[in-house]
Amino acid sequence: MADRQLTTLCDQLKSPTLPYDQASTLLSKAKLLLLQSNALTPSPASPPSLLPLARELLELGALHSIRARNAPAFIRYVDQLEPFYSLPPGHPAAVSGAAVAERNKITGLYLLLLLSQSRYSEFHSELESLATREGGGSAVDVEGDRYLGYPIRLERWLMEGSYDRVWKAMKKGEVPCEEYGVFSEILTTQIRSEIASSSERAYPSLPLSSTKSLLFLDSEGAVVEFAQQRGWAVRDGQIFFPAAGTEAGEEPEKDVSQVAIENVLGYARQLETIV
Amino acid sequence: MPGKTPDKEPVENGGYRGGKDIEMKEKDEQEQAASLKHKGKKAAKDGEDEMTVVVPPSKKQSSVPPPNDADGDVAMDDLDKADDGEVKVDPVVQAINDIKSNFALLERAVALFDARFTLRALRSISSIRKRLTPDIIAQVISETYPPTSGAHFAKSLLSAIGKENVPLGRQPGPEMEIDSEPKASAKNGPKKENNKEVIAEIDIFLAILVQVYLFDSKAYQLGAEFSQSLCDRIHSLNRRTLDSLSAKVYFYYSLFFEQLSPLPPSSQSPIVSIRPTLLAALRTAVLRRDIDTQASVIVILLRNYLQTSHISQADLLVSHTQFPENAANNQVARFLYYLGRIRAIQLRYTEAHEHLTAATRKAPSSACALGFAQTATKLLLVVELLMGDIPDRATFRQPTMEQALHPYFLLVQAVRVGNLDSFETIIAEHADVFRRDGTYSLILRLRQNVIKTGIRMMSLSYSRISLRDICIRLHLGSEESAEYIVAKAIRDGVIEASLDRERGFMKSKEVGDVYATREPGEAFHERIRACLSLHDESVKAMRFPMNQHRLELKNAQEAREREREMAKEIQDGDLDEDDLGGEFEGM
């Protein structure tokens, strides 16, 4: 009974065009059913036949919430999926075959989410645990995977500063699936501000025209707007960056003597206790 | 990925991981055992051990059939038999007496409430370890336990070593030499009269010996089961004098489970199942202020989490517990290593560097704990590289480290020169080594550092260089990439330079004098602080005998009394004769 209801719910949810509010009502109904039949989290008491279905439903929920750009909901689904993914290989509901790709997709999205929120330490912790995860018996080739390799490559490029590659990876239909595209927007703003802050330090001035391509903006008007946002001066088709360096340089200069005095006083106190 | 195991022992070092930890303890012994009474015996045994190779297996082959097939044991027995012919000391009796001498220590520890005696007993385990056979253990057990009290526990010990049929409270006899009997029973007799109840410390000590034996004979499954029931028992006991012993029990407990298949990196490993027990033990230890168990269980748990790559759990554990300040040095070293590892994964390199430096410094310097030193040094090197520092060349020259660190040496070279190509080839070539050391994913992050160093080198050597050249030199994908990368490097303060977009070159700024900056001052301050804290720590580490100050007070009192007496005497009679008389004359 619950079985059949869940299957129909699952079929309904499979359509990606379903509006989020409809999907979420369906999902909460499904979750209630799962809870009643004791299959929301895998436990010895839960009926093994329902578990793969439960996993699928949760995965669908995660995808729906990503499409609706609902990050907290997505993270909740990922947390709920975690016990399913860590089931031992012999378990009837263990991830295998086609489900591996689905799982990697969710994990990849999660990694991307962490990346877009600049939570690098969690990103790397997650990455570390991926290496030991089992995918149908053997360890997954993490970097070679279509879904998992993508966020990993992005992270590496972001770290070394090859922003053009990040840009390209996000643009030219290189995104492994449409859900990944959701993050492109967030990441674009992120790299744009990164580039802007490095440009401030690196260039004395920039011509408007080349700034456009530098910042991946569409028009010079957008450049001017962006420049105003960041407080850059635009004169004669050139952008001049405010000399941020001098003020920042002044502050620690004063500290030096103060720090030295504090240190020496500290030594004196220590020596007193020793002698 | 096997490389995930946090401190897998390098092959060069030989032996399993467990050996390393134990050997860290052994080192302790050697350092501190100078004053101990078993030291002489131990040294002698060590000497014999070396000789083992030359002594041919000759006479008395029949005396004790070595049930343990480890070479060490066989050789030891042979040697002891040879020895036996000359000195008339039976190795079995010797071993039994060694074990029993520890009972006295344990009893004193309980009587005087001084944990040092317990530690002393624990330290002797490694010297006894090589000679353990089921027969020896069985004999000790049967001689220690009277058939009435504690029989249940003794039985469980005996069944763990497959000697269920040995009767308690009697000399087992048959396979033992006759001349051992009077000695043993002489020692045994009074003991039985003195205390009818065998103290729990001796129970646990014997249990640890059984654990050690089972571990050495690779009976992991049996050992795991035995340890499980032992842990339950320990949990029910609440004796402060038991603390360091139970810490040891938990150590072996987790070691057994690590050896059970599926092996740790897999998330299905049995070590996951012991977490509740360990956490319960930790909670109890904290409530009882049991520092030894607390420290060692925290370390075991961290290791447990890291082996299955549960970094966030490990991090949570660290943030929710407080590592006891005055824990044993070895535990502190291990804790710092694991902490450094967690921080390195979380990209908190400065903290990681701090912890790992402390860990390598606290690591015992003797050859026994080489595995730990090597593993910690490897991780430290990678973290240093990630921080953009180039490790000291001298690190690689140490004879004990040279071979193990060779792949890392090549890596450092590549990073130092900023050569992306050779960097990639080294990673590909030594991927297995890096994976085994659990540094692989960290090393992959080094790519950006290689690029940065490359840019820095270029900025130092050229006052002006085109982006195209940078791109070619560093094998970057495109000129645009090069531009972004250089811009980022400038922002991150890696180089002092500016970019010219129209003409496409990088112009380096004049390099300032380092001595004009605050850097030397900071380095100096760092060192002074290290010295001062070293001083503080050594003051804190000083140990004073317990009632010494009273003795001094008494001495002072006596001195004062003597003075008073002298003053009295002077006043009373003798004053006219010399001093005062002289003075008077002078006047």
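Residues numbered from 1 in each chain as written. Chains lettered and ligands numbered in written order. Predicted model: local features only at pLDDT ≥ 70, side-chain atom pairs only at ≥ 80, totals over all residues.

Engineer: Looking at this structure, I do not really get the overall build of chain B. What am I missing?
Structural biologist: Secondary structure assignment for chain B yields 29 helices and three strands. In chain B, which comprises 587 residues, the proportion classed as buried is 43%. Residue pairs at least 24 apart in sequence account for 67% of intrachain contacts in chain B once pairs closer than 6 positions are excluded. (Helix = DSSP H or I, 4+ residues; strand = E, 2+ residues; numbered from the N terminus. Buried ≥ 20, exposed ≤ 12 C-beta atoms within 10 Å, placed from the backbone. Contact = placed C-beta atoms within 7 Å.)

Engineer: So what exactly am I meant to see when it comes to the overall build of chain A here?
Structural biologist: If you tally the helices and strands in chain A, you get twelve helices and five strands. Burial status across chain A gives 36% buried among its 275 residues. The contacts of chain A with a sequence gap of at least 6 include a subset with a gap of at least 24, amounting to 53%.

Engineer: I keep staring at the pairing of strand 3 (residues 505-508) of chain B and nothing clicks. Help me out?
Structural biologist: Where a strand is regular, its side chains alternate between the two sheet faces. All names here are of chain B. Bridge analysis of strand 1 (residues 464-466) against strand 3 gives three bridges, and the strand direction is antiparallel. Its bridge partner lying in strand 3, Arg464 is registered against Lys507. Of the strand pairs in this sheet, strand 2 (residues 497-500) and strand 3 are connected by four bridges, and their pairing is antiparallel. Among the inter-strand pairings, Ser498 is bridged to a residue of strand 3, identified as Lys507. Here strand 2 folds back onto strand 3 in antiparallel fashion, the turn holding four residues, of which Gly504 has a positive phi close to 70°. (Pairing = 2+ DSSP bridges.)

Engineer: For this particular structure, what's the right way to read the sheet that holds strand 1 of chain B?
Structural biologist: All names here are of chain B. What the three strands build is an open sheet, ordered 1-3-2; its pairing is antiparallel. A single partner strand is all that each edge strand has here, and the edge strands are strand 1 and strand 2. The average undirected angle you get between the axes of adjacent strands in this sheet is 20°. (Axes fitted to C-alpha atoms, helices over the stretch in contact; angles between N-to-C directions.)

Engineer: Please explain the interface of chain A and chain B as it appears in this structure.
Structural biologist: Much of the literature gives interface size as the accessible area that the parts lose upon coming together. With 38 residues of chain A at the interface, the matching set in chain B holds 39 residues. Looking at the side of chain A that touches chain B, the elements that each hand over two or more residues are helix 6 (120-130), helix 7 (146-160), helix 8 (163-171), helix 9 (178-202), strand 3 (205-207) and helix 12 (244-274) of chain A. Here the side of chain A that touches chain B gets seven residues from one element, more than from any other, and that element is helix 6 of chain A. Taken together, the residues that form the side of chain A that touches chain B break down as 17 nonpolar, 14 polar and seven charged. (Nonpolar A, V, L, I, M, F, W, Y, C, P; charged D, E, K, R; others polar.)

Engineer: Honestly, helix 17 (residues 349-362) of chain B in this entry has me stumped. Any pointers?
Structural biologist: Think of an α-helix as turning once every 3.6 residues; residues three or four places apart then point the same way. Residue and element names in this part refer to chain B. If you check helix 17, its first and last C-alpha atoms are 19 Å apart, about what 14 residues at 1.5 Å a residue would give, namely 20 Å. Of all the residues in helix 17, the buried ones are Tyr349, Ala352, His353, His355, Leu356, Ala359 and Thr360. At its buried positions, helix 17 is contacted by helix 16 (329-345) and helix 18 (370-386). (Expected span 1.5 Å × (residues − 1).)

Engineer: Looking at this model, I keep getting lost on the sheet that holds strand 3 of chain A. Mind explaining?
Structural biologist: All names here are of chain A. With antiparallel pairing, three strands are arranged side by side in an open sheet as 3-5-4. Each of the sheet's edge strands pairs with one partner strand only, and the pair in question is strand 3 and strand 4 (233-235). Strand-to-strand, the axes of this sheet are offset by a mean angle of 25°, without reference to chain direction. Sheet analysis places strand 3 next to strand 5 (residues 238-240), joined by three bridges and oriented antiparallel. Bridged to Ser205 within strand 5 is Phe240.

Engineer: Where do I start with the packing of helix 11 (residues 220-236) of chain B against helix 12 (residues 243-259) of chain B in this structure?
Structural biologist: Each pair of packed helices gets described by two things: the angle between the helix axes and the distance between those axes. All names here are of chain B. Where helix 11 meets helix 12, the closest approach of the two axes is 9 Å, and the angle between their N-to-C directions is 145°. As helix 11 packs across helix 12, the resulting crossing turns out to be left-handed. On the side of helix 11, the interface is formed by Tyr220, Gly223, Ala224, Ser227, Leu230, Cys231 and Ile234, while helix 12 contributes Ser246, Val249, Tyr250, Tyr252, Tyr253, Phe256, Phe257 and Gln259. The residue inventory of the contact of helix 11 with helix 12, partitioned by class, reads eleven nonpolar, four polar and no charged. (Left-handed = near helix turned anticlockwise from the far one by under 90°.)

Engineer: In this structure, what is going on with the environment of Trp157(A)? I would like to understand it.
Structural biologist: All names here are of chain A. With respect to the helices and strands, Trp157 occurs in helix 7. On the basis of neighbour count, Trp157 is assigned to the buried category, with 24 C-beta atoms found within 10 Å. Excluding its chain neighbours within four sequence positions, the residues that come into contact with Trp157 are Ser162, Arg165 and Val166.

Engineer: Explain the environment of Thr144(B) here, please?
Structural biologist: All names here are of chain B. Position of Thr144 among the secondary structure elements: in helix 7 (residues 134-144). Along the backbone, Thr144 and Phe103 are 41 residues apart, and their C-alpha atoms lie at a distance of 9.6 Å. Excluding its chain neighbours within four sequence positions, the residues that come into contact with Thr144 are Val198 and Ile202.

Engineer: Help me understand the environment of Ser210(A) in this model?
Structural biologist: You can see Ser210(A) is positioned in helix 10 (residues 208-214). A residue is classified by how many C-beta atoms lie within 10 Å of it, and Ser210(A), with 14 of them, is partly exposed.

Shape descriptors only; they carry no functional weight alone.
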